[in-house]
Amino acid sequence: MSFPVGVSACVIGEKVRFDSGHKRSPFVTKELAPYVNFVPVCPEVAIGLPVPRPTIRLLDKGNVGDIRLVETKDASKDHTERMVAFSERKADELAHKALRGYIVCAKSPTCGMERVKVYRENGYTSDISGVGLYTQALMDRMPWLPIEEDGRLNDPVLRENFVFRLFALDDLYRSVESGVTRKALVAFHSRYKLVLMAHSPERYRELGRFMANIAEYDIDDFFHRYRTQFMQSLAIRATRKKHTNVLMHLQGYFKNNLDKSQKAELTHLIHAYRQGTMPLLAPLTLIAHHLHNHPDDYLASQAYLKPYPDALRLRYGL
C-alpha cells in the first residue's frame, strides 16, 4: 500500500537549493518512503530560477498584505507574480491528485509553513512573520491537507500526528474508491470515533451531529465538508489527558471480561501513562491483548488502536 505525498524536492535529496545543495530528511527518505509515492516540487526551479541562484526573501512593502518575493541583494528583481501564478496553478493541479499530505522545507520564502522571516526595505526583519508563497497557495486551495515542515518532523509528537493524518486521509479516500455513499462515510466515521475523542471531544460531538444529518445534504457536498472538518479536527493535538480519557473508555468495554487482578493491571498502566511514567504504547498493548482474548467487532474496527504500520514506531515517544 502506498499513496501520494507532496514534498519539497530538496527534502528528498534533490540538489535544487540556491547553493546547489539539498536538505535531505532521513526520516522522510528512509522511514516514511516505503509507504508513500513522493510528488517532488521545487517552486523556485519551476518558475525558471537557476541552480545555483541568488538568495530570495519576503519583503514587506509597508502596505497591508503587500509582501513581495525579491532577491536579497537586489530587491528590484521581483519574482512575486510568477511565483503566485505558478503556485495557484500547481495547487489546483495537485488538488485533483488526491494527495494525502505535503512536506515542505522550513524557513523558505516559497515553501515555509510558518515563521518565515519577512524583511523591511531598510534591511531589518519585520514584526510580522510570513508563510512561503507556494505553501500558502497549497493551504488556501486544500484546507483539508496535512502539511508539515521537515524540521518539525524531528519532534515525536508532531511527527506522529502528521503521519497519522496521512494514513487517515488515505483511509478516507480508499473508503470511497467505489463511490461516495452515505454507507461508506458512516462506516468510516464510526471507525474514527475514538480518534476524534482523543483529539477534540468538542469536534467529536460536532462531527457526530453533522454525520447524523447526512441525509439532508447532497452527498458530494457533504463529503467535501466532512473531509475538511475531519482533517482539521485531527490536526488538534491529542493530549495526555485526552488520551487517558479514551483509554478509560476502552477499559470500560472489558469490565465483564477481566478478573480483579487484570483490571488492576490495566488501571495501573493507564494511570502510569497519565502521570508520564509509561508511554502510550504500554496500556494500548495490554488492551490489544485483552481484545485478542475477548473479541469485540466495534473495538477491533477502531483506527485508534492501529492507525498506521507498527514498523513506523511512532507511539514509542508518546
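This text follows the structure it describes.
As the structure is a computational prediction, the values presented were derived from the model and not from experiment.

Chemist: I'd like a rundown of the sheet that holds strand β6 (residues 116-119), residues and numbers included.
Modeler: Here four strands make up an open sheet; going across it, the order is β4-β3-β6-β7 and the pairing mixed. For this open sheet the edge positions go to β4 (67-71) and β7 (125-130), each flanked by a neighbour on one side alone. Neighbour-to-neighbour, the strand axes of the sheet open up by a mean angle of 45°, direction not taken into account. Inspection of the sheet shows strand β3 (residues 56-60) paired to β4 by five bridges, in the antiparallel sense. Residue pairing in the sheet places aspartate 60 in a bridge with isoleucine 67 of β4.

Chemist: Quick rundown of the packing of aromatic side chains? Include the residues and the values.
Modeler: Inspection of every chain in the model, using the stated rule, returns 16 aromatic pairs. Ring centres of tyrosine 102 and tyrosine 134 lie 6.0 Å apart, and the angle between their planes is 70°; on these two criteria the pair is classed as edge-to-face. Highlighted residues: tyrosine 102 in strand β5 (residues 102-104) and tyrosine 134 in helix α4 (residues 133-141), separated in sequence by 32 residues. Residue tyrosine 102 shares its accessibility class with tyrosine 134, and that shared class is buried. Taken together, a centroid distance of 5.1 Å and an interplanar angle of 75° make the contact between phenylalanine 188 and phenylalanine 230 edge-to-face. With phenylalanine 188 in helix α6 (residues 182-191) and phenylalanine 230 in helix α9 (residues 219-234), the pair connects residues that are 42 residues apart, well separated along the chain. Accessibility assignment for this pair places phenylalanine 188 and phenylalanine 230 in one class, buried. One aromatic cluster is present, formed by Phe164, Phe188, Tyr192, Phe210, Tyr217, Phe222, Tyr226, Phe230 and Tyr308 through successive ring pairs. Over the aromatic face of tyrosine 273 sits the side chain of arginine 240, whose NZ or CZ is 4.6 Å from the ring centroid.

Chemist: Can you explain the side chain of arginine 53? Please cite residues and give values.
Modeler: Tracing the sequence through the fold places arginine 53 in the loop between α2 (43-46) and β3. A distance of 2.8 Å separates the side chain of arginine 53 from the backbone oxygen of valine 16, its partner in a polar contact. Contact partners of arginine 53, with chain neighbours within four places excluded, come to Val16, Arg17, Phe18, Cys42, Glu44 and Val45.

Chemist: Tell me about the nonpolar core, and please be specific about residues and values.
Modeler: Considering soluble globular proteins, one finds that nonpolar side chains tend to be buried as a cluster. Judged by nonpolar contacts, the single largest core of 95 residues is most densely connected at Tyr102, Ile103, Leu185, Tyr226, Phe230, Leu247 and Tyr304. Setting aside residues no more than four positions away along its own chain, isoleucine 103 makes contact with Val5, Gly6, Val7, Ser8, Val11, Val28, Leu32, Glu148, Asp150, Leu153 and Phe162.

Chemist: Pulling in residues and values, what's your account of helix α10 (residues 240-252)?
Modeler: Its 13 residues place the ends of α10 19 Å apart at the C-alpha level, agreeing with the 18 Å of an ideal helix rising 1.5 Å per residue. Taken together, the buried positions of α10 are Lys242, His243, Thr244, Val246, Leu247, Leu250 and Gln251. Packed against the buried residues of α10 are α7 (193-199), α8 (201-212), α11 (260-275), α12 (281-293) and α13 (297-301).

Chemist: So what's going on with the pairing of β7? Residues and values would help.
Modeler: Pairing of β6 with β7 involves three bridges; the strand directions are antiparallel. Residue pairing for β7: lysine 117 is matched across the bridge by serine 129. The turn linking β6 back onto β7 is made up of five residues, and glycine 123 within it adopts a positive phi angle of 95°.

Cut-offs applied
Residues numbered from 1 in each chain as written. Predicted model: local features only at pLDDT ≥ 70, side-chain atom pairs only at ≥ 80, totals over all residues. Heavy atoms only, no water. Pairing = 2+ DSSP bridges. Helix = DSSP H or I, 4+ residues; strand = E, 2+ residues; numbered from the N terminus. Axes fitted to C-alpha atoms, helices over the stretch in contact; angles between N-to-C directions. Phe/Tyr/Trp six-rings, centres within 6.5 Å; stacked < 30°, edge-to-face > 60°. Buried < 20%, exposed > 50% of the residue type's maximum accessible area, 1.4 Å probe, protein only. Lys NZ or Arg CZ within 6 Å of the ring centre and 35° of its normal. Polar contact = N/O pair within 3.5 Å; in protein donor to acceptor, adjacent residues only side chain to side chain. Contact = heavy atoms within 4.5 Å. Core = buried A, V, L, I, M, F, W, Y, C linked by side-chain atoms within 4.5 Å. Expected span 1.5 Å × (residues − 1).

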